Amino acid sequence: MLKDSSLRGYLLEESLAWLLRSSGYRLLVHERQDPVELVSEGETLRVRGRGALHQVDVLGEFTFTPAFSMPVRLFLEAKYEQKRCGLDKVRNAHGVVHDVNENFMTGPGTRPRQRYKYSYALFSASGFSPDAQKYALAHQISLVDLSGASFVWLLGHIGTTVQSLFKAQQHLPGKSPFPVNWMRTELRRALGTSPLHLLPQPAVPDGKFMQAAASALSEFAEALRGRSAVELLLGFPSAPFVLPLATDDHQRFLEYAEARPDHAVRIRRRGTGIAAEWMLSPADAVDAYELAFKLPHHIEEWISGVEEKERRRTVEVKEQFLSTITLYRVNGAGVHTYQLRYEASSLSQAGTPSA
């Protein structure tokens, strides 16, 4: 039987692919989208590396190519376990992305071909161990912590659905494995995260399992669609990590940002230690929108390490790492860019507390 934690991880990955639907990433699901780099083996997608083929469950291609760079592709992996994600998971991510980025050969008569810059983002519902964070920082693996209050609704829906699926798999005949590929395909079809004509056609289970599992997945997709106003915006700060910016209503942010694509923001920190969560809003209209995010645990532990220095360290992190946060969003055929600037001096002049 498939482990409870594995089911949670699969559902979390598909949920994140849906939440990132407007952040500039299109889902790659079949070798027909790139016959050179991608390999479809049955229902499994693999990416060519220099030394091996690497299985990938969620692979996105960024529609915007940064200046002086190559087109960007993102490996997305999610872990939903009780304990913090450890060093072994980050080491594996580094090994995969390093081997894939090395897969480029040139020489006399070599046919020119497109090259990509592959990145790796590891999402965890329980945070990351200190060693995992240090290793990821050294090797530019993005760690995204989903343990904050902003993602409780999502993790709750996943937990409920997994309970139903876990019960349903008891109806599978004999020692039949859980049909993971069928489950992913059903969710991608229901959520519209992938071109329908490219989706694999895995074997459809039958009997009581099919009825119970299909019903649970349908309810889960409907729960996500019911949060259509929710969107996971990716923020790229002046730092070696990515910020998942959560909001209850992305339309309020877009209305403000479309009129002011470059604007000053106020950043507040709530809580202490690894439980702290940060809130971001416009400096001149704090009620216009609010985005929530968490910082890596090792940064939070440093901030809270000495009580009398906590306020000063909070300001230092804002000024050094959060001075500029860039967001990209796809709207139709175009890519919109927004810059959120934290400037302590301007906030102080405006009479707003800078910390």
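Because the structure is a prediction, the values reported are computed rather than measured.

Visitor: Explain empty space enclosed by the protein here, please?
Guide: Space left empty within the atom packing is revealed by a probe, the size of a water molecule, rolled over the atoms. Using the criterion set out here, one finds three cavities of 30 Å³ or more in the structure. In this structure, the largest cavity occupies an estimated 110 Å³ of space. The wall of the largest cavity is formed by 13 residues, among which Leu143, Val144, Asp145, Leu295 and Pro296 lie closest to the centre. Of the residues contributing to the lining of the largest cavity, the split by class is eight nonpolar, three polar and two charged. Its volume calculated, the second largest cavity comes out at about 80 Å³. The element contributing the most residues to the lining of the second largest cavity is helix H3 (residues 130-139), with three residues. Looking at the lining of the second largest cavity, its residues break down into seven nonpolar, two polar and no charged.

Visitor: Mind showing me how you'd approach the confidence of the model for the protein chain here?
Guide: In low-pLDDT regions, the fine details of the predicted coordinates are not to be read closely. Within the protein chain, residue pLDDT values average 87, and 94% of them lie at 70 or more. Long-range and interchain partners of residues 347-355, a stretch whose pLDDT sits below 50, account for 15 contacts in this model, where long-range means more than four residues apart.

Visitor: What is the right way to look at the sheet that holds strand S3 (residues 44-48) in this model?
Guide: Hydrogen bonds along the backbone pair up the strands of a sheet, which may run parallel or antiparallel. Taken together, the three strands give an open sheet; going across it, the order is S2-S3-S4, and neighbouring strands pair in antiparallel fashion. What marks the edges here is a single partner per strand, and that holds for strand S2 (38-41) and strand S4 (53-55). Each strand of the sheet is rotated relative to its neighbour by a mean of 35 degrees, with strand direction disregarded. Pairing between S3 and S4: three bridges, direction antiparallel. Bridged to Arg48 within S4 is Leu53.

Visitor: Please explain the sheet that holds strand S7 (residues 117-124) as it appears in this structure.
Guide: In spatial order, the strands read S1-S5-S6-S7-S8; together these five strands make up an open sheet with mixed pairing. The strands lining the two open edges of the sheet, one partner per strand, are strand S1 (25-28) and strand S8 (142-145). In this sheet, neighbouring strand axes are inclined to one another by 30 degrees on average, regardless of whether the strands run parallel or antiparallel. Note: strand S5 (residues 58-62) against strand S6 (residues 72-79), four bridges, orientation antiparallel. Opposite Glu61, over in S6, you have Arg73 as the bridge partner. Relative to S6, helix H1 (residues 4-19) is tilted by about 140 degrees, and along the sheet it contacts S1, S5, S6 and S7.

Visitor: Teacher, can you tell me more about the layout of surface pockets here?
Guide: As a volume, the largest pocket reaches approximately 800 Å³. Lining of the largest pocket is provided by 31 residues; of these, Ser119, Gln140, Ser142, Phe236 and Val242 occupy positions nearest its centre. Only S6, helix H2 (87-101), S7, H3, S8, strand S9 (233-237) and strand S14 (324-331) provide two or more residues apiece to the lining of the largest pocket. The element that contributes the greatest number of residues to the lining of the largest pocket is S7, accounting for six residues. Taken together, the residues of the lining of the largest pocket sort by class into 21 nonpolar, nine polar and one charged. Here the second largest pocket is characterised by a volume of approximately 350 Å³. Lining the second largest pocket we find 19 residues, and of these Tyr10, Glu13, Asp57, Glu77 and Lys79 sit closest to its centre. Of all the secondary structure elements, the ones that give two or more residues to the lining of the second largest pocket are H1, S6 and H2. Of the residues assigned to the lining of the second largest pocket, the class counts are nine nonpolar, five polar and five charged.

Visitor: In this structure, what is going on with the pattern of salt bridges? I would like to understand it.
Guide: Working definition: two side chains of opposite charge can pair if their charged atoms are close together. The final tally for this structure, using the stated rule, is 22 salt bridges. The closest approach of N and O atoms between Arg184 and Glu14, which form a salt bridge, is 2.4 Å. Of this pair, Arg184 sits in helix H5 (residues 180-191) while Glu14 sits in helix H1, and the two are 170 residues apart along the sequence. For Glu14, a relative accessible area of 2% gives the class buried. Between Arg46 and Glu41 there is a salt bridge; the shortest N-O distance is 2.5 Å. With relative accessibility at 37%, the residue Glu41 sits in the partly exposed group. One continuous salt-bridge network, built from bridges that share partners, spans Glu13, Glu14, Asp57, Arg184 and Arg188.

Visitor: Looking at this model, I keep getting lost on the nonpolar core. Mind explaining?
Guide: Side chains of a nonpolar character, in soluble globular proteins, are inclined to be buried together. Membership of the largest hydrophobic core comes to 53 residues, with the highest contact counts inside it found for Leu11, Leu12, Leu16, Phe123 and Leu165. Sorting the residues of this core by element identifies H1, S1, S5, S6, S7, helix H4 (152-168), H5 and helix H6 (207-225) as the ones contributing at least two each. Setting aside residues up to four positions removed in sequence, Leu16 forms contacts with Leu76, Ala78, Phe123, Leu146 and Leu232. In terms of nonpolar packing, the next biggest core, distinct from the first, is built from 26 residues, Trp278, Tyr289, Leu295 and Tyr338 among them.

Visitor: Help me understand the pairing of S6, please; the structure alone is not making it clear to me.
Guide: When a strand is regular, its side chains alternate between the sheet's two faces. Where burial is concerned, most of S6 is hidden: eight out of the eight residues are buried. Alternating residues of S6 divide into Val72, Leu74, Leu76 and Ala78 and Arg73, Phe75, Glu77 and Lys79, and every residue in both groups is buried. In the sheet, S6 pairs with S7 via eight bridges, with the strands oriented parallel. Bridge assignment links Phe75 to a residue of S7, and that residue is Tyr120.

Reading the values: rules and limits
Along every chain, residues carry numbers that run from 1 in the direction the sequence is written. Under the rules for a predicted model, residues below a pLDDT of 70 receive no local features and side-chain atom pairs below 80 are neither given nor counted, while totals for whole chains, interfaces and linings still include all residues. Where side-chain values are given, they derive from all heavy atoms of the structure, hydrogens and water being excluded. The distinction between a cavity and a pocket rests on a 1 Å grid over the protein atoms alone: a 1.4 Å probe fits inside a cavity but cannot get out, while a pocket stays open yet meets protein on both sides within 12 Å along at least five of seven lines, and a residue with an atom within 4 Å of a point counts as lining. Grid points are joined across faces, edges and corners, and a volume is the space filled by probe spheres set on the points. In this classification, Asp, Glu, Lys and Arg are treated as charged, Ala, Val, Leu, Ile, Met, Phe, Trp, Tyr, Cys and Pro as nonpolar, and every other residue, Gly included, as polar. Put simply, DSSP H or I for four residues or longer makes a helix, DSSP E for two residues or longer makes a strand, and each gets a number counted from the N terminus. Confidence of the predictor in every single residue is expressed as pLDDT, which spans 0 to 100. Any two residues having at least one pair of non-hydrogen atoms within 4.5 Å are treated as being in contact. Strand pairing requires that DSSP identify at least two bridges connecting the strands. Helix axes use the C-alpha atoms of the stretch in contact, all axes being lines fitted to C-alpha atoms, and the angles between their N-to-C directions lie in the range 0 to 180 degrees. Here a salt bridge means any side-chain nitrogen of Lys or Arg lying within 4 Å of a carboxyl oxygen belonging to Asp or Glu. Throughout this description, buried means an accessible area under 20% of the type-specific maximum (1.4 Å probe, protein chains only), exposed means over 50%, and partly exposed covers the range between. Buried residues of nine kinds, namely Ala, Val, Leu, Ile, Met, Phe, Trp, Tyr and Cys, make up a nonpolar core once their side-chain atoms join them within 4.5 Å.

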